[in-house]
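Here is how the chains run, residue by residue.
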Amino acid sequence: MSVAVFPLGPLETNCYIVSNEGQAVAIDVGGDPAPVSKYLKEHGLELKAICITHMHFDHLYGVAALAAETHATVYTPEKDKACVQSIYIKMLLSISGIF
């Protein structure tokens, strides 16, 4: 198993790629996912899932683009599901292309 770290977005939030045997999971894609995409391709990794640890912009900004590119399933914490149901969050996620 290996872990790669990418500081993404204006706050340089750490995005993690955890991989094993050709499969990977991305955690908190908080900015332009281009470096993550490049890493996945260079290492021949299939992204299976994208995990958002919580619903702050600096943890989800690049999720939509990476999910669209890789077709990975996106997961959010159970405790944040109420946030997703709010009108404000739905609008934000809709604009960003996540939902």
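These figures come from a predicted structure and were not determined experimentally.

**Description of the side chain of serine 37**
And then number 1: Here serine 37 shows up in helix α1 (residues 34–42).
And then number 2: Given a relative accessible area of 6%, serine 37 falls into the buried group.
And then number 3: Within the structure, the side chain of serine 37 is placed 2.9 Å from the side chain of glutamate 69, a separation counted as a polar contact.
And then number 4: Not counting residues within four places of it along the chain, the set of residues in contact with serine 37 comprises Leu66 and Glu69.

**Thoughts on the packing of α1 against helix α3 (residues 63–70)**
And then number 1: Two numbers describe how α1 lies on α3: the axes approach to 10 Å, and their chain directions differ by 30°. Relative to α3, the element α1 lies roughly parallel. Where α1 crosses over α3, the two elements pack in a sense that is right-handed. For the pair formed by α1 and α3, the contact residues are Val36, Ser37, Leu40 and Lys41 on the first element and Leu66, Glu69 and Thr70 on the second.
And then number 2: In terms of residue class, the contact of α1 with α3 is made up of three nonpolar, two polar and two charged.

Rules behind the numbers
- Residues numbered from 1 in each chain as written.
- Predicted model: local features only at pLDDT ≥ 70, side-chain atom pairs only at ≥ 80, totals over all residues.
- Heavy atoms only, no water.
- Helix = DSSP H or I, 4+ residues; strand = E, 2+ residues; numbered from the N terminus.
- Buried < 20%, exposed > 50% of the residue type's maximum accessible area, 1.4 Å probe, protein only.
- Polar contact = N/O pair within 3.5 Å; in protein donor to acceptor, adjacent residues only side chain to side chain.
- Contact = heavy atoms within 4.5 Å.
- Axes fitted to C-alpha atoms, helices over the stretch in contact; angles between N-to-C directions.
- Parallel < 35°, antiparallel > 145°, perpendicular 65-115°, else oblique.
- Left-handed = near helix turned anticlockwise from the far one by under 90°.
- Nonpolar A, V, L, I, M, F, W, Y, C, P; charged D, E, K, R; others polar.

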